[in-house]
Amino acid sequence: MKFLIINGVNLNLTGKRETGVYGVKTLEEINAEIGAFAKKNGDEVEFYQSNFEGALVEKLHEAFLQKTCDGILLNAGAFTHYSYALRDAIAAIDIPVVEVHMSNVHAREEFRKNSVLTEVCKGAVLGLGVGSYLAALVGLKAGLKE
Ligand code: DQA
């Protein structure tokens, strides 16, 4: 199967920003780990990161219109908490999207406890660091086979 891994705003600084929360692995290292894990499972992955809401929306449209993948993992960063544009884009496409967070957003600031995306996502995985992406991949693949 083919999966698209989308990281949103500020995720390019992973490994360099708030390392106590997000760890010291860079996004490149995290993507390499996800890529190796997917390969071992016989899957293909494409990675995309942007700090721009519209670019993330367009990537979701592209996946839908060009049928580029079977499923999507989306860590939208702070857009998670207020982007109705991303929410509508997820609702518009027929590809299952899993919301991913490295940190446990429920154990942090009040504003992080609300996601405007979860309702339109297939599921959500949070709080497991890089493991959130790996668990989301496993779960999404299992769900797609059902
Ligand atoms: C995050 C959690 C968000 O609240 C935050 O804005 C991020 C990262 C996470 O992976 O834990 O940028 O999505």
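These figures come from a predicted structure and were not determined experimentally.

1. Section: the packing of helix H2 (residues 27–40) against helix H5 (residues 130–145)
For step 1, the next point in the chain: Close contact between H2 and H5 brings their axes to 10 Å; oriented N to C, the two are set at 30°. Taken together, the axes of H2 and H5 lie roughly parallel to each other. Helix-helix and strand crossings are classified by hand; for H2 and H5 the assignment is right-handed. Residues Ile30, Glu33, Ile34, Phe37 and Ala38 of H2 lie in contact with H5, whose contacting residues are Val130, Tyr133, Leu134, Leu137 and Val138.
For step 2, the next point in the chain: When its residues are assigned to classes, the contact of H2 with H5 shows nine nonpolar, no polar and one charged.

2. Comments concerning the packing of helix H3 (residues 53–65) against helix H4 (residues 84–92)
For step 1, the next point in the chain: Their axes nearest at 10 Å, the elements H3 and H4 cross at an angle of 0°. When the axes of H3 and H4 are compared, the pair comes out roughly parallel. Of the residues in H4, those in contact with Glu53, Leu56, Val57, Leu60, His61 and Phe64 of H3 are Ala85, Leu86, Ala89, Ile90 and Ala92.

3. Here we look at the side chain of arginine 112
For step 1, the next point in the chain: One can find arginine 112 in the loop between strand E4 (97–101) and strand E5 (123–126).
For step 2, the next point in the chain: A relative accessible area of 14% places arginine 112 in the buried class.

4. Observations regarding the pattern of salt bridges
For step 1, the next point in the chain: Here the structure, examined in full by the defined rule, presents 10 salt bridges.
For step 2, the next point in the chain: Note that lysine 59 is salt-bridged to glutamate 46, the shortest N-O span being 2.7 Å. Residue lysine 59 is located in helix H3, and its partner glutamate 46 is located in strand E2 (residues 44–49); the two are separated by 13 residues in the primary sequence.
For step 3, the next point in the chain: Judged by its relative accessible area of 23%, glutamate 46 falls in the partly exposed class.
For step 4, the next point in the chain: Glutamate 62 is the partner of lysine 59 in a salt bridge, and the nearest nitrogen-oxygen pair spans 2.9 Å. Taken as a pair, lysine 59 and glutamate 62 lie in helix H3 at a separation of three residues, close to a single helical turn.
For step 5, the next point in the chain: With a relative accessible area of 10%, lysine 59 lands in the buried category.
For step 6, the next point in the chain: Overall, glutamate 62 belongs to the partly exposed group, its relative accessible area being 29%.
For step 7, the next point in the chain: Salt bridges linked by common partners bring Lys2, Glu46, Lys59 and Glu62 together as one network.

Scoring rules and cut-offs
- Residue positions are counted from 1 within each chain, in the order its sequence is given.
- Totals for whole chains, interfaces and linings use every residue, but because this is a predicted model, local features are given only for residues with pLDDT of at least 70 and side-chain atom pairs only at 80 or more, for both listing and counting.
- For side-chain calculations, the full set of non-hydrogen atoms in the structure is used, while hydrogens and water are omitted.
- Inter-axis angles, ranging from 0 to 180 degrees, are taken between N-to-C directions of lines fitted to C-alpha atoms, where helices are fitted over the stretch in contact.
- A run of H or I in DSSP becomes a helix once it reaches four residues, and a run of E becomes a strand once it reaches two; helices and strands are each numbered from the N terminus.
- Angles are sorted into four bins: roughly parallel if under 35 degrees, roughly antiparallel if over 145, roughly perpendicular if 65 to 115, and oblique for all others.
- Rotating anticlockwise by less than a right angle from the far helix to the near helix defines a left-handed crossing, while the corresponding clockwise rotation defines a right-handed one.
- Residue contacts are counted whenever heavy atoms from the two residues lie within 4.5 Å of one another.
- The classification used treats Ala, Val, Leu, Ile, Met, Phe, Trp, Tyr, Cys and Pro as nonpolar, Asp, Glu, Lys and Arg as charged, and all other residues, Gly among them, as polar.
- The buried label applies to any residue whose accessible area, calculated with a 1.4 Å probe on protein chains only, is under 20% of its type's maximum; exposed applies above 50%, and partly exposed to all values in between.
- Any carboxyl oxygen of Asp or Glu that lies within 4 Å of a side-chain nitrogen of Lys or Arg is treated as forming a salt bridge with it.

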